[in-house]
Amino acid sequence: MRRAAELRDAGFGNVITYSRKVFIPLTRLCRDSCRYCSFARPPRRGEKIYMSADEVLAVARAGEAAGCTEALFTLGDKPEQRYRQAQEALHALGYETTIDYLQAMAALVLRETGLLPHVNPGVMSAVEMRKLRPVAASMGLMLEQIADRLSERGGAHYGSPDKMPAARLATIETAGVLAIPFTSGLLVGIGETRHERIAALLALRDLHEAHGHLQEIIIQPFRAKPGTPMARYPNASADELLWTLAVARLIFGPTMSIQSPPNLAADLIGEVINAGINDWGGISPITADYVNPEAPWPHLEALAAHMRERGRVLVQRLPLYRSYAHDLDRWTDAALHHKILAVADSEFMARDSAWASGDASPPAKSTFAVQPLLRRRSLDHVLTKAADGHVLSEPEIVQLFGARDADFIEVCQTADEVRARVSGDTVRYVVNRNINYTNVCSYHCAFCAFSKGRGAAHLRGPAYDLDREEIGRRVREAWARGATEVCMQGGIHPDYTGYTYLEVLRVVKDAVPQIHLHAFSPLEVMQGARTLNLSVTDYLARLRDAGLGSLPGTAAEVLDDEVRAIICPDKLRTQKWLDVIEAAHRVGLRTTATIMYGHVERPEHWARHLLAIRTLQEKTGGFTEFVPLPFVHMEAPIYLRGRARAGPTWREAVLMHAVARLVLNPVLPNIQVSWVKMGIEGAKACLRAGANDLGGTLMNESISRAAGAAHGEELPPETMDDIIMGIGRRPEQRTTLYKPAPPIQRQASYGCPPLNPVMQTPALRRARLNSDVIAAARS
């Protein structure tokens with residue numbers, strides 16, 4: 001057991017998983033007659049043979065409301081081949097076989113709820129598995145045992161043709177050939193020997209080594225059921241259960257999920273953990289264990305407390321394990337992808353709440369409310385190293401992003417302590433106005449709901465291209481309302497040239513010479529330089545000399561080309577983004593740094609991004625702040641096509657700010673939270689977890705709103721101050737470059753009248769306008 005536990009810890013750390021499920025017993029009839037089974041039974045007068053569609057859907061919806069992500073369909077093997085009543089019931093429902101009906105009910109649950117079906121219909125053919133694959137995230141069949149003698153007279157499997165080991169192994173192998181994520185395992189204590197158990201585990205390992213499809217191995221202890229032929233048979237002993245769990249771990253190694261149902265060993269929770277398990281299997285908050293009705297499920301909060309007492313974290317997973325979710329195209333049908341991604345976090349565990357970035361409501365229960373009984377110490381070295389300002393490695397950063405429960409609290413508290421030491425108790429913000437001068441874009445970023453181009457007409461709002469008078473009007477109005485900055489970006493308009501951006505600068509500076517212009521993403525800079533046949537450095541110098549004050553570090557998304565190839569394949573690559581930003585720093589233009597996260601990337605990509613930002617900051621010192629931008633999924637094309645997650649979870653969003661504080665310490669002192677994407681409660685949480693900046697008042701915000709964010713377009717200084725003082729901090733208005741805002745502007749920012757309506761100038765081809773733009777720029 002000690003060696004098994006060491007292997008488990010090497011593969012899974014301190015995490016013990018479970019799947020929150022509903023149990024849907026589609027039919028209790030079965031053509032087999034296992035001598036220990038109380039689930040299967042013959043037809044009874046007045047009792048339905050199959051659950052109706054309404055009954056199935058009612059159970060599934062109740063499970064969804066209770067936070068379940070799995071619909072476990074359990075049923076007897078092909079009862080229509082034994083019972084006339086089953087044949088008649090199927091025909092009345094309009095189906096030929098039980099598998100056909102199962103396929104329809106799984107499809108119903110998949111279509112009408114957010115649950116992912118996992119099906120256990122017994123021995124199946126390749127044809128039957130292909131039929132079920134589009135509606136089942138995973139499937140399962142217990143091998144139980146490999147000894148043929150258990151099917152002889154007097155054996156546990158006597159009278160059960162589907163329990164012949166060869167038939168079950170054939171089904172398990174076929175699942176591997178069809179690339180179906182599969183569950184199997186042993187039933188311990190039904191008359192087999194230890195040698196036979198080892199042989200069964202080795203047979204499963206051989207199949208897994210050939211196909212890689214076994215997600216988990218279940219070790220289930222036999223429990224005698226009243227009214228069955230084996231009612232007087234002794235239960236599997238604790239020693240046999242623990243020995244088999246440990247041997248399963250030794251045989252399968254550190255990466256296989258080894259599971260044991262907690263309701264069948266309720267008095268052995270600690271010992272079962274010590275035997276090397278990493279998973280408790282499915283636990284239902286609303287339905288019974290119909291296979292073991294005498295053994296109620298443990299209460300999840302009590303089980304979580306048991307885990308904490310032993311330095312473990314209980315984490316809800318999906319029925320599809322994360323190693324298979326990383327390659328959805330191989331392991332699941334395309335029809336399932338959207339449903340899987342919608343309920344997954346970055347580690348392909350279940351999302352921790354219904355909250356999503358841009359959502360108007362905070363999660364029902366704050367993550368900070370967790371009261372750990374025992375804090376794990378394994379993060380201490382990493383946290384100390386980060387707090388002291390040393391560079392963390394990629395695996396260390398990934399470890400921080402994996403923090404949950406007590407570890408999550410510790411990471412956030414440490415980040416907040418570093419914030420207090422580096423930035424004090426002042427929370428700063430800038431009074432500014434966002435001006436997105438066009439939403440016409442020739443690029444095809446898969447996450448963007450803002451841009452207008454070919455094929456984007458169905459997205460929010462018409463195409464626009466602001467004229468110079470409207471830009472100037474907005475700048476003057478912003479200044480009158482106390483702004484010190486206008487932030488300007490737009491789509492990559494195919495008719496824009498480098499002169500266009502110079503003209504925008506002229507319009508702004510003519511309107512209000514004193515205002516700071518924070519404008520042009522690295523992608524816009526690249527376009528401007530290319531169209532004028534200038535180097536990026538030379539073009540940046542021209543922008544600077546024309547009045548540009550600083551650059552937003554947007555278009556970074558995730559600085560990893562594996563991710564960029566999916567979400568923005570035609571956009572500049574990681575190194576090019578870094579090169580443009582470094583060139584800006586070299587010509588004296590400060591920039592922000594951003595990350596847009598929560599879509600297709602994983603924590604290792606976040607780590608690489610943060611390290612790239614730190615490396616450049618150590619080289620140039622040109623970043624003013626780091627701004628995490630959680631992906632707002634609601635209208636994003638990549639999400640609507642079923643190719644991205646539903647943004648970061650609440651835990652991940654808060655952690656991004658905390659981990660950024662730790663990784664970038666001490667070279668980048670300002671960590672900003674986006675109230676537009678996080679909401680007010682989210683912003684408060686991040687300010688308690690290492691952030692020290694609340695961004696801008698904005699006045700207008702269209703990019704997040706286009707993606708479906710529900711938060712307002714402006715947060716006036718009065719509200720900013722209330723938020724900051726509400727968490728016991730001191731508010732301060734700043735400039736873009738983190739100097740105190742001029743008193744006259746600060747005074748003008750309070751008590752402002754409502755904004756005048758904006759005019760979104762309809763987009764026209766710019767070719768006919770470029771001549772006077774070029775002439776003005778040249779002059």
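This text goes with the structure placed above it.
Nothing here was measured: the structure is a model prediction, and the numbers come from that model.

**Q** Please provide a residue-by-residue account of the packing of helix α25 (residues 650-663) against helix α26 (residues 675-687), values included.
**A** A pair of packed helices is characterised by two quantities: the angle between their axes and the separation of those axes. Packing of α25 against α26 brings their axes to within 9 Å, and their N-to-C directions diverge by 50°. Regarding the angle of α25 to α26, the classification is oblique. Here α25 and α26 pass one another in a crossing that is right-handed. Residue-level contacts link Trp 650, Ala 653, Val 654 and His 657 of α25 to Met 678, Glu 681, Gly 682, Ala 685 and Cys 686 of α26. Class assignment of the residues belonging to the contact of α25 with α26 gives a composition of six nonpolar, two polar and one charged.

**Q** I'd like to hear about the packing of helix α1 (residues 2-12) against helix α8 (residues 238-252), residue by residue, with values.
**A** Put simply, α1 and α8 touch, their axes get as near as 9 Å, and they point 55° apart. With respect to α8, the axis of α1 lies oblique. With respect to the hand of their crossing, α1 and α8 are arranged in left-handed fashion. From α1, Arg 3, Ala 4, Leu 7, Arg 8 and Phe 12 reach across to α8, where they touch Ala 246, Arg 249 and Leu 250. Of the residues assigned to the contact of α1 with α8, the class counts are five nonpolar, no polar and three charged.

**Q** Explain the packing of aromatic side chains to me, and be specific about the residues and the numbers.
**A** Per the stated rule, a full pass over the model turns up 12 aromatic pairs. Here Tyr 50 and Tyr 101 contribute two aromatic rings whose centre-to-centre distance is 5.7 Å and whose plane-to-plane angle is 80°, an arrangement assigned as edge-to-face. With Tyr 50 in the loop between β1 (15-27) and α2 (53-65) and Tyr 101 in helix α4 (residues 98-112), this pair connects stretches of sequence that are 51 residues apart. Take Tyr 50: its relative accessible area is 5%, and that puts it in the buried class. The buried category is assigned to Tyr 101, whose relative accessible area is 2%. Following the ring pairs from residue to residue traces out a cluster consisting of Tyr 437, Tyr 496, Tyr 501 and Phe 520. In this arrangement the basic side chain of Arg 194 is found over the ring face of Trp 243, its NZ or CZ atom lying 4.3 Å from the centre.

**Q** Outline the sheet that holds strand β16 (residues 623-630), supporting the account with residue identities and numerical values.
**A** Ordered by their spatial adjacency, six strands build an open sheet running β11-β12-β13-β14-β15-β16, and the pairing between neighbours is parallel. The two strands at the open ends of the sheet, each matched to only one other strand, are β11 (432-436) and β16. Ignoring strand direction, the axes of neighbouring strands in this sheet form an average angle of 25°.

**Q** Which residues make up the sheet that holds strand β18 (residues 730-734), and what values go with them?
**A** One open sheet accounts for three strands, arranged β17-β10-β18; its pairing is parallel. A strand with exactly one partner marks an edge of an open sheet, and here the two such strands are β17 (693-696) and β18. Strand-to-strand twist of the sheet, defined as the mean angle between neighbouring strand axes without regard to direction, takes the value 20°. Across five bridges, strand β10 (residues 426-430) lies against β18 in parallel orientation. Within β18, the position partnered with Arg 428 by the bridge is Glu 732.

**Q** Could you give an account of helix α15 (residues 394-401), naming the residues involved and the relevant values?
**A** For α15, every residue scored as buried is listed here: Glu 396, Ile 397, Leu 400 and Phe 401. Summarising the axial view, the buried residues of α15 lie within an arc of 145°, below the 170-degree limit, and thus occupy one face. Next to the buried residues of α15 lie α14 (380-387), α16 (405-423), α23 (603-620) and α25.

**Q** Please provide a residue-by-residue account of the pairing of strand β15 (residues 590-597), values included.
**A** Burial of β15 is extensive: seven of the eight residues sit out of reach of the surface. Where strand β14 (residues 548-551) and β15 come together, two bridges link them in parallel fashion. Residue Leu 551 lies in a different strand from β15, and its bridge partner there is Thr 591. In this structure, β15 lies alongside β16, joined through six bridges in parallel fashion. When the sheet's bridge partners are listed, Tyr 597 is paired in β16 with Pro 630. Viewed along the sheet, the connection from β15 through α23 into β16 turns out right-handed.

**Q** If you had to explain unusual backbone geometry to someone new, which residues and values would you point to?
**A** Cis peptide bonds are those with omega within 30 degrees of zero, and the linkage from Asn 665 to Pro 666 qualifies with 0°. Within the secondary structure, Pro 666 is located in the loop between α25 and α26. Backbone geometry at Glu 144 places phi at a positive 70°, although glycine is not the residue there. Within the secondary structure layout, Glu 144 lies in the loop between β4 (138-140) and α6 (165-177). Residue classification places Glu 144 among the buried positions, given a relative accessible area of 9%.

**Q** How would you summarise the pattern of salt bridges if you had to cite specific residues and measurements?
**A** Close approach of charged atoms lets side chains of opposite charge pair. For the coordinates displayed, the defined rule picks out 55 salt bridges. Across the pair Arg 8 and Asp 9 runs a salt bridge whose closest N-O atoms are separated by 2.7 Å. In this structure Arg 8 comes out as buried when scored by relative accessible area, which is 1%. Between Glu 192 and Arg 197 there is a salt bridge, with the nearest N and O atoms lying 2.8 Å from each other. A relative accessible area of 8% places Glu 192 in the buried class. One salt-bridge network, in which partners are shared between bridges, spans Arg 322, Asp 345, Glu 347, Arg 404 and Arg 651.

**Q** How would you sum up helix α3 (residues 84-93)? Please name residues and give values.
**A** Within α3, the full set of buried residues consists of Ala 86, Ala 89 and Leu 90. One face of α3 carries all of its buried residues, which in axial projection span an arc of 100°. Turned more than 90 degrees from where α3 packs its buried face, Arg 84 and Ala 92 sit exposed. Buried-residue contacts for α3 involve α4. Just downstream of α3, Gly 94 is the residue with a positive phi angle, here 95°.

Rules behind the numbers
Residues numbered from 1 in each chain as written. Predicted model: local features only at pLDDT ≥ 70, side-chain atom pairs only at ≥ 80, totals over all residues. Heavy atoms only, no water. Axes fitted to C-alpha atoms, helices over the stretch in contact; angles between N-to-C directions. Helix = DSSP H or I, 4+ residues; strand = E, 2+ residues; numbered from the N terminus. Parallel < 35°, antiparallel > 145°, perpendicular 65-115°, else oblique. Left-handed = near helix turned anticlockwise from the far one by under 90°. Contact = heavy atoms within 4.5 Å. Nonpolar A, V, L, I, M, F, W, Y, C, P; charged D, E, K, R; others polar. Phe/Tyr/Trp six-rings, centres within 6.5 Å; stacked < 30°, edge-to-face > 60°. Buried < 20%, exposed > 50% of the residue type's maximum accessible area, 1.4 Å probe, protein only. Lys NZ or Arg CZ within 6 Å of the ring centre and 35° of its normal. Pairing = 2+ DSSP bridges. Arc of directions from axis to C-beta. Right-handed = clockwise from strand over helix to strand, strands pointing away. Salt bridge = Lys/Arg side-chain N within 4 Å of Asp/Glu carboxyl O.

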